[in-house]
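Architecture and fold: a report
Given next are the chains, with one letter for each unit.
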Amino acid sequence: MIPALFAAASIYWDLPVLLVVVSLVYAATRHDRWDKIVSEALGWGLRIAVFLFMIGLVLYLLSTYV
């Protein structure tokens, strides 16, 4: 039971890593200086996180409405 629980929850540990990596790579393709890269990556990471949260909220509301 416990290994199955960890196996099912392991996909959620990848989400923050993917957010950081995607944000940094996107910012690095647009800027050359590290201060600009980090500030752009923080902005993109925040926007992606809010977007995913809103999708999760809509899906949760739709699942509880029915």
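Here the structure is a predicted model, which is why all the values come from computation and not from measurement. (Residues numbered from 1 in each chain as written. Predicted model: local features only at pLDDT ≥ 70, side-chain atom pairs only at ≥ 80, totals over all residues. Heavy atoms only, no water.)

Notes on the side chain of S23
Along the chain, S23 turns up in helix α1 (residues 2-30). Side-chain polar atoms of S23 contact the backbone oxygen of L19, separated by 2.7 Å. If we skip the residues at most four places from it in the chain, S23 touches A41, W44, G45 and I48. (Helix = DSSP H or I, 4+ residues; strand = E, 2+ residues; numbered from the N terminus. Polar contact = N/O pair within 3.5 Å; in protein donor to acceptor, adjacent residues only side chain to side chain. Contact = heavy atoms within 4.5 Å.)

Re the packing of aromatic side chains
Each pair of aromatic rings is reported with the distance of its centres and the angle of its planes. For the coordinates displayed, the defined rule picks out one aromatic pair. When the centroid spacing of 4.7 Å and the interplanar angle of 70° are considered together, the rings of Y26 and W44 count as edge-to-face. Taken together, the residues span a long stretch of sequence, with Y26 in helix α1 and W44 in helix α2 (residues 34-65) at a distance of 18 residues. Just above the ring of W44 sits the side chain of R47; from NZ or CZ to the centre is 4.8 Å. (Phe/Tyr/Trp six-rings, centres within 6.5 Å; stacked < 30°, edge-to-face > 60°. Lys NZ or Arg CZ within 6 Å of the ring centre and 35° of its normal.)

Structural notes on the environment of W44
By relative accessible area, W44 is classed as partly exposed at 28%. Not counting residues up to four positions away in its chain, the partners in contact with W44 are S23 and Y26. (Buried < 20%, exposed > 50% of the residue type's maximum accessible area, 1.4 Å probe, protein only.)

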